[in-house]
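Observations on the model geometry
For reference, the chains in residue letters:
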Amino acid sequence: DELLSADFYLAGGAGGDGGVCMEVDGPSHFFLNTLEPTGKTLFRNRVHRSKGWEVVCLPHFEWEQLEDEESKKAYLVDMLGVTPPPAEREE
């Protein structure tokens, strides 16, 4: 759809239908000094869902709390409900 796009689309969601639509929500997606998403953000999510996408939102204030690469990877794996790849072997 040309009028609406997401930050990331991951085909073949866990349910087998559509896929996952991932949105990275910066400060403009929330009302000032709150953690409440704006009407525009909620509408965007409803439109994606109506098109068969599972919507996953990554709020900036949660991401900014993560201190290192490993915690960011773990956060994404948990958020997306995927099985992480096997750890790389040291040689």
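Preceding this section is the structure that the text describes.
Now for a description of the structure that goes with this document.

The rules behind the values
Residues numbered from 1 in each chain as written. Predicted model: local features only at pLDDT ≥ 70, side-chain atom pairs only at ≥ 80, totals over all residues. Heavy atoms only, no water. Helix = DSSP H or I, 4+ residues; strand = E, 2+ residues; numbered from the N terminus. Contact = heavy atoms within 4.5 Å. Areas by Shrake-Rupley, 256 points an atom, 1.4 Å probe, with all protein chains shown as cover. Pairing = 2+ DSSP bridges. Right-handed = clockwise from strand over helix to strand, strands pointing away. Salt bridge = Lys/Arg side-chain N within 4 Å of Asp/Glu carboxyl O. Buried < 20%, exposed > 50% of the residue type's maximum accessible area, 1.4 Å probe, protein only. Core = buried A, V, L, I, M, F, W, Y, C linked by side-chain atoms within 4.5 Å.

1. As for the overall build of the protein
- Scanning the protein for helices and strands turns up 3 helices and 3 strands.
- Beginning at the N terminus, the succession of helices and strands in the protein can be written as β-β-α-β-α-α.
- Sequence-distant contacts in the protein: of pairs separated by 6 or more residues, those separated by 24 or more amount to 45%.
- Here the protein has roughly 7,100 Å² of accessible surface; of this, 54% comes from carbon and sulfur atoms.

2. Re the pairing of strand 3 (residues 53-59)
- As paired strands, strand 2 (residues 19-25) and strand 3 are joined by 7 bridges and run parallel to one another. By the bridge assignment for strand 3, valine 20 is matched with glutamate 54.
- In the classification by handedness, the crossover that spans strand 2, the intervening helix 1 (residues 39-50) and the parallel strand 3 is right-handed.

3. Structural notes on the pattern of salt bridges
- A complete count under the given rule lists 3 salt bridges for this structure.
- For the salt bridge of glutamate 23 with arginine 44, the shortest nitrogen-to-oxygen distance reads 3.4 Å. Within this pair, whereas glutamate 23 is found in strand 2, its partner arginine 44 is found in helix 1, the two being separated by 21 residues in sequence.
- On the accessibility criterion, arginine 44 (8% relative accessible area) is buried.

4. Let's talk about the nonpolar core
- By size, the foremost hydrophobic cluster in this structure holds 7 residues: Val20, Met22, Val56, Leu58, Leu66, Tyr75 and Met79.
- Within the residue set of this core, elements represented by two or more residues are strand 2, strand 3 and helix 3 (69-80).
- In contact with leucine 58, not counting residues within four places along its chain, are Met22, Glu23, Val24, Asp25, Trp63, Tyr75, Leu76 and Met79.

5. A word on the environment of phenylalanine 30
- Take phenylalanine 30: it is sitting in the loop between strand 2 and helix 1.
- Given a relative accessible area of 11%, phenylalanine 30 falls into the buried group.
- Measuring from C-alpha to C-alpha, the distance between phenylalanine 30 and proline 59 comes to 9.2 Å, with 29 residues separating the pair along the chain.
- Look past the residues within four positions of phenylalanine 30 in its chain and what remains in contact with it is Asp25, Leu35, Glu36, Pro37, Thr38, Pro59, His60 and Phe61.

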